[in-house]
Amino acid sequence: MHHHRSAIRAQTDVPVSVFADGHVFECRAIDLSTQGAVVERADGLLAHEARPFYWLSFAVGQRGVRVLARPAWKSGKRQAFRFILITAPD
């Protein structure tokens, strides 16, 4: 099977906080592009899969990067998110 992606992606190991239902889950971004990310989810986040949107905060730079994202797909503990909004200074 051949996959065609619309953005260049990079394999990463970046800490990312995922905000869901008033909780913060510390996860890892393992694949990142300008349009989205694949996240290795923390166990507790698996109980919050029904949300249509999530805030993600990536630990990069001095202030980090905060994005609003929607789930694209999931496979086991991995979940892909498509970015909808990135905070202006980022």
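Here, every reference points to the structure presented above.
The paragraphs below set out a description of the structure included in this document. Remember, it's a predicted structure, so these values are computed and weren't measured experimentally.

1. Considering the overall build of the protein chain
Step number 1: For the protein chain, the helix and strand inventory stands at 0 helices and 6 strands.
Step number 2: Starting at the N terminus and ending at the C terminus, the protein chain contains elements arranged as β-β-β-β-β-β.
Step number 3: Looking at the protein chain as a whole, 34% of its 90 residues are labelled buried.
Step number 4: Across the protein chain, every contact between residues at least 6 apart in sequence was considered, and the portion connecting residues at least 24 apart equals 45%.
Step number 5: Accessible surface, the protein chain: about 5700 Å² in total, of which carbon and sulfur atoms supply 54%.

2. Topic: the environment of His48
Step number 1: Tracing the sequence through the fold places His48 in the loop between strand 3 (36–40) and strand 4 (54–58).
Step number 2: Sequence separation between His48 and Phe19 is 29 residues, and the spatial gap between their C-alpha atoms is 9.9 Å.
Step number 3: Those residues in contact with His48 that sit more than four places away from it in its chain are Ala20, Asp21, His23, Phe25 and Tyr54.
Step number 4: Of note is the side chain of His48, whose polar atom sits 2.5 Å from the side chain of Asp21.

3. Some thoughts on a nonpolar patch on the surface
Step number 1: Residues Phe53, Trp55, Ile84 and Leu85 make up a contiguous nonpolar surface patch of roughly 360 Å² in combined accessible area.
Step number 2: Inspection of the secondary structure assignment puts Trp55 in strand 4.
Step number 3: Under the relative-accessibility criterion, Trp55 is labelled partly exposed at 30%.

4. Considering the pairing of strand 6 (residues 78–86)
Step number 1: Sheet analysis places strand 3 next to strand 6, joined by 5 bridges and oriented antiparallel. Within strand 6, the residue paired with Gly36 across the bridge is Arg82.
Step number 2: As paired elements, strand 5 (residues 65–75) and strand 6 share 8 bridges and run antiparallel to each other. Counted as the bridge partner of Pro71 is Phe81 from strand 6.
Step number 3: Between strand 5 and strand 6, which pair antiparallel and follow one another directly, the connecting turn spans 2 residues, one of which, Gly76, has a positive phi of 65°.

5. Thoughts on the pairing of strand 4
Two faces belong to every sheet, and in a regular strand the side chains alternate between them.
Step number 1: With burial as the criterion, only one face of strand 4 is covered, namely that bearing Tyr54, Leu56 and Phe58; the residues Trp55 and Ser57 on the opposite face remain uncovered.
Step number 2: The pairing of strand 4 with strand 5 spans 5 bridges and is classified as antiparallel. Bridging from a neighbouring strand, Leu56 pairs with Val67 of strand 5.
Step number 3: Linking strand 4 back to strand 5 in an antiparallel pair, the connection comprises 6 residues, with Gly61 at a positive phi of about 70°.

Cut-offs applied
Residues numbered from 1 in each chain as written. Predicted model: local features only at pLDDT ≥ 70, side-chain atom pairs only at ≥ 80, totals over all residues. Heavy atoms only, no water. Helix = DSSP H or I, 4+ residues; strand = E, 2+ residues; numbered from the N terminus. Buried < 20%, exposed > 50% of the residue type's maximum accessible area, 1.4 Å probe, protein only. Contact = heavy atoms within 4.5 Å. Areas by Shrake-Rupley, 256 points an atom, 1.4 Å probe, with all protein chains shown as cover. Polar contact = N/O pair within 3.5 Å; in protein donor to acceptor, adjacent residues only side chain to side chain. Patch = residues over 30% accessible without salt bridge, like charges linked within 9 Å, V, L, I, M, F, W, Y side chains within 5 Å. Salt bridge = Lys/Arg side-chain N within 4 Å of Asp/Glu carboxyl O. Pairing = 2+ DSSP bridges.

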